[in-house]
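Report on the structure
What follows is each chain in one-letter form.
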Amino acid sequence: MQKLTGKVAVITGGKSGIGYATAEELKAQGAKVVITGRSAEKVETAAKTLGVKGYVADVSNLAAIEQLVANVQSEFDKVDILFVNAGVFAPAPIGQITEEVFDQNMDINFKGAVFTVEKFLPILNDGASIINLSSINAYTGMPNTAIYAASKAAMNAYTRTAATELAPRGIRVNAINPGPVSTPIFGKTGMPEDQLNGFAAAMQNRVPLKRFGQPSEIAKLAAFLASEDAAFITGSEYNIDGGLNIN
């Protein structure tokens, strides 16, 4: 049964990985879906393959977010589901954290996420669902992820407060904290392939279920939080990590 028929959903960073899988799932549930991304070519390809609307937008640029909102409003008027998914993973050990690493993580993962919500608020329907993609790294203390983890911990704190403040409008705000998921995000770090493979093997060994998650598994959780099945859920965080956070 389609549970999102007639709903309008916007997914930032929807050209690949979790965002792409969620666009696919929400569309299957009957929603009209909009995806965004920084690469015009990749957004166009993904949107065409998915059969959804695609807009180019860099969430670290406030003017780009404002233009995105204007485009969505012109095309769809109001929005029912906002999946704040765009993010980067830029690792660096303590003592070697540069301003560039700090800004890259914070500008996209936190500042971009916050202002995506801020700019979309005027066109969100009362009763809308906002879903913020965070990470269990907010809690795990994993080496080399201090600033990435801090950006996600900040997002979780923002989620709780936003849920309180937006409750009078019936807008629900929740966070998803994935563990390791098979997405292209790790390949964008610039780490050598052997180092990436070693990182992946060590991470998988720590997961009690002994595997990485699949984007489609995160997408199903996002679809649940977007639906009326989650009508009494707000200000919550959902760990979806194969048990990593308890190990």
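Values in this document were obtained by computation on a predicted structure and should not be read as measured data.

**Observations concerning the overall build of the chain**
Within the chain one finds eight helices and seven strands. Radius of gyration (C-alpha) of the chain: 17 Å, near the 18 Å computed for a compact globule of 247 residues. Buried positions account for 48% of the 247 residues belonging to the chain. Here the analysis covers contacts within the chain between residues at least 6 apart in sequence; of these, 71% occur between residues at least 24 apart. For the chain, the accessible surface area stands at approximately 11400 Å², while carbon and sulfur atoms represent 52% of it. Taken as two groups, the 21 positive and 23 negative side-chain charges of the chain have centres that lie 4 Å from each other.

**Re the sheet that holds strand β2 (residues 32–37)**
One open sheet accounts for seven strands, arranged β3-β2-β1-β4-β5-β6-β7; its pairing is parallel. Whereas interior strands pair on both sides, the edge strands pair on one side only; in this sheet they are β3 (53–56) and β7 (237–240). The average angle at which neighbouring strand axes cross in this sheet is 20 degrees, direction not considered. Along the sheet, helix α6 (residues 146–166) makes contact with β5 (124–133), β6 (172–178) and β7, crossing β6 at roughly 160 degrees. Strands in contact with helix α8 (residues 215–226) are β4 (79–84), β5, β6 and β7; relative to β6, the strand with the most contacts, it is inclined by about 165 degrees.

**Observations concerning the pattern of salt bridges**
On inspection of all chains with the given rule, the structure shows six salt bridges. Two residues, Asp126 and Arg169, come together in a salt bridge whose shortest N-O distance is 2.8 Å. You can see Asp126 sitting in strand β5 and its partner Arg169 sitting in the loop between α6 and β6, a full 43 residues away along the chain. Between Glu237 and Arg160 there is a salt bridge whose closest N-O contact spans 2.7 Å. With Glu237 in strand β7 and Arg160 in helix α6, this pair connects stretches of sequence that are 77 residues apart.

Conventions adopted
- Residues numbered from 1 in each chain as written.
- Predicted model: local features only at pLDDT ≥ 70, side-chain atom pairs only at ≥ 80, totals over all residues.
- Heavy atoms only, no water.
- Helix = DSSP H or I, 4+ residues; strand = E, 2+ residues; numbered from the N terminus.
- Rg over C-alpha atoms; globule rule 2.2 N^0.38 Å.
- Buried < 20%, exposed > 50% of the residue type's maximum accessible area, 1.4 Å probe, protein only.
- Contact = heavy atoms within 4.5 Å.
- Areas by Shrake-Rupley, 256 points an atom, 1.4 Å probe, with all protein chains shown as cover.
- Lys, Arg positive; Asp, Glu negative; His and termini not counted.
- Charge placed at Lys NZ, Arg CZ, Asp CG, Glu CD.
- Pairing = 2+ DSSP bridges.
- Axes fitted to C-alpha atoms, helices over the stretch in contact; angles between N-to-C directions.
- Salt bridge = Lys/Arg side-chain N within 4 Å of Asp/Glu carboxyl O.

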